[in-house]
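If you want the building blocks of each chain, they are given just below.
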Amino acid sequence: MTQAGIAQEGATQASIAIAAPHRAGVAAAREIVAAGGGVVDAALAAAAALTVAYPHQCSVGGDLVALVRSAEGEVRAVLSAGAAAGGLDVDALRGGSSRMPPGGPLTVTVPGVVAGWATLADLGGTLPLRRVLAPAAKLARDGVAVSDGLARAIKARLDVVRADPGLATLLLRGDGEPLPSGADLRQPALARTLESVGADWRSFYTGEVAERLVGGLRGLGSPLRAADFAAHRAEVCEPLRAEAGGLTWWTAPPPSQGASLLAVLDAGEGLLAGARSAEARRDALLGDPRTSPVDLDGLLLRADRCVERLPAGPKPAGDTVAITAVAGDGSAVTLIQSVFQSFGSGLLEPSTGVVLHNRGSAFSLVPGHPGEVRPGARPPHTLCPAIGTGGGKVVALGCQGGRAQPWILAQVAGDAAEAEDLAGLLARPRWVIGSRDLGLADPTLVLEPGVPGSDALAVTARDLGLAVASRPGPHDDAGHVQVARLGPEGLAAATDPRADGAAEVLGGGRRTS
């Protein structure tokens, strides 16, 4: 293993390749694999540790989307995306603005992470959830060093952190200045929450933890109530699939934007134009199929339509973590959990230590939009994990990157199955398209320095009505891609240099160094 980003070795059934955007995630997975855990246990241990070490990007107060592949080759999607409050006053929201607020109590939907963890454990876990979450609880209780990425996020959202007593107590020094990189971050309330979830995960939705969360949310001005938490269920469903680059690619269905990734995977040199079209369709067509019809053909670019005539949809930002893990027997997990924007809604409920996401800000206030805000509806989701299979290979991919996740992954997926230097692949300069989510007034192509064919991309972008800008690289806006792979040559994993991550091949009696 190298912390710069890649691990590789021959595969045994007991071996697991894993990548995560913070070293604490891989360390937790290592402990659990040493205790006899399998690929699902390893991914869950890493996911829980990241809720402690990366509170700006994920939390037990956020949502989860994952794909799981069994050793026999069956792929299942897990959607644990929480719904808006049953008592949400939509008319009041519409009366106050033309779009959803970017943060605050009205953007908090029921957190889905904990139910997602429990569902994944049922699909392939081998250890009790209490044991799997123990490294994360210990990390929260004993402390973890503030990473460079967390330190950047505190400074970037300092006004939001200072405005919330919970976040301010956790992330600011006594003089009101932000914790610097390397400072000790201790979260005793979160440690108790993780221990309660390990003992009985249902307590997060119907027990002691739920009571404290609902009470805290009510005090913060949220319409969420006990009945909303009790009603939450993670959904296990068939993933979407498509052939591209000699592999079969699997993604999660709506309300995830997985269809947008499948729409552009095989676009080749036309990726930017395909991404622009898929972006417009996603913003206009993506919603919750449980509460509104969703045009899947339109999302997959199967339908001929003029995107300019479609109603405008939400323009969400995003902050996310991905964990990818593949075992020597071909089983695999790609798991993404998120608070949506950095520090989510900008609220931390003090009695539980839980940072609450702002996923509800992705709802549309446009009447008739598939993602229209409704009581009990799930908002459109940016989380976009992917698994590729074929030719004796299994590739698990995922990334941070908000709305840009499909285009970020599409720039990596074509080479992820064959690249000898996975770390080099993830370090390549990338581009994204966005506007408000990137802090820009207009839709823009943003290029890291050294992107191949950048001059031609800029011409295409302007033809598509995009402004063009560059940012120093590597830059967080270009995503934190994680990849784990099984192939004839063995297991390999790599982590994006834009994050604070690690990649390692665990178990099998050997470690790389």
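Helix α4 (residues 113–124) packs onto helix α2 (residues 39–53) with a crossing angle of 165° between their chain directions and a minimal axis gap of 9 Å. The orientation of α2 relative to α4 falls into the category roughly antiparallel. Seen from above, α2 lies across α4 with left-handed handedness. Across the interface between the two elements, V40, L44, A47, A48 and T51 from α2 touch W117, L120, A121 and G124 from α4.

Another aspect to go through is helix α16 (residues 405–416). Relative to the 16 Å expected for 12 residues at 1.5 Å per residue, α16 spans 16 Å between its end C-alpha atoms, a close match to the ideal helical length. In terms of burial, α16 is a largely internal element, nine of the 12 residues being buried. Of all the residues in α16, the buried ones are Q405, P406, W407, I408, L409, A410, V412, A413 and A416.

Here we come to the pattern of salt bridges. Under the definition given, this model contains 30 salt bridges. With a closest N to O distance of 2.9 Å, R30 and E504 form a salt bridge. Taken as a pair, R30 in helix α1 (residues 23–34) and E504 in strand β21 (residues 502–506) lie far apart in primary sequence, 474 residues in all. Since its relative accessible area comes to 0%, E504 is described here as buried. Put simply, E489 and R485 hold a salt bridge, and the shortest N to O gap is 3.4 Å. Look at E489 and you get partly exposed, because its relative accessible area is 37%. A cluster of three or more residues bridged by salt bridges with shared partners is formed by R276, E279, R282, D283 and R403.

It is worth spelling out the layout of surface pockets at this point. By volume, the largest pocket amounts to about 720 Å³. Mapped by element, the contributors of at least two residues to the lining of the largest pocket are β9 (247–251), α14 (271–285), α16 and α18 (454–463). In terms of residue count, the dominant contributor to the lining of the largest pocket is α16 (six residues). When its residues are assigned to classes, the lining of the largest pocket shows 20 nonpolar, eight polar and seven charged.

Below, the discussion takes up the confidence of the model for the protein. Predicted coordinates in regions of low pLDDT should not be interpreted in detail. In this model, the protein carries an average pLDDT of 91, and 93% of its residues clear a pLDDT of 70 or more. This model gives residues 306–318 a pLDDT under 50, and the stretch forms 39 contacts once residues within four places in sequence are excluded. Scored below 50 in pLDDT, residues 509–513 shows 13 contacts in the model against residues more than four places distant or in partner chains.

Formed by 99 residues in total, the largest nonpolar core has its most connected members in I18, W117, L120, F204, F229, I323 and L335. Here this core gets 13 residues from one element, more than from any other, and that element is α2. Among residues more than four places away in sequence, those in contact with F229 are V110, P111, F204, Y205, L213, V214, L217 and L224. A259, L286, A410 and V412 belong to the second largest nonpolar core, which has 51 residues in total.

Rules of the game
- Residues numbered from 1 in each chain as written.
- Predicted model: local features only at pLDDT ≥ 70, side-chain atom pairs only at ≥ 80, totals over all residues.
- Heavy atoms only, no water.
- Axes fitted to C-alpha atoms, helices over the stretch in contact; angles between N-to-C directions.
- Helix = DSSP H or I, 4+ residues; strand = E, 2+ residues; numbered from the N terminus.
- Parallel < 35°, antiparallel > 145°, perpendicular 65-115°, else oblique.
- Left-handed = near helix turned anticlockwise from the far one by under 90°.
- Contact = heavy atoms within 4.5 Å.
- Expected span 1.5 Å × (residues − 1).
- Buried < 20%, exposed > 50% of the residue type's maximum accessible area, 1.4 Å probe, protein only.
- Salt bridge = Lys/Arg side-chain N within 4 Å of Asp/Glu carboxyl O.
- 1 Å grid on protein atoms, 1.4 Å probe; cavity = no way out; pocket = protein on both sides within 12 Å on 5 of 7 lines; lining within 4 Å.
- Points joined across faces, edges and corners; volume = space filled by probe spheres on them.
- Nonpolar A, V, L, I, M, F, W, Y, C, P; charged D, E, K, R; others polar.
- pLDDT = per-residue confidence, 0-100.
- Core = buried A, V, L, I, M, F, W, Y, C linked by side-chain atoms within 4.5 Å.

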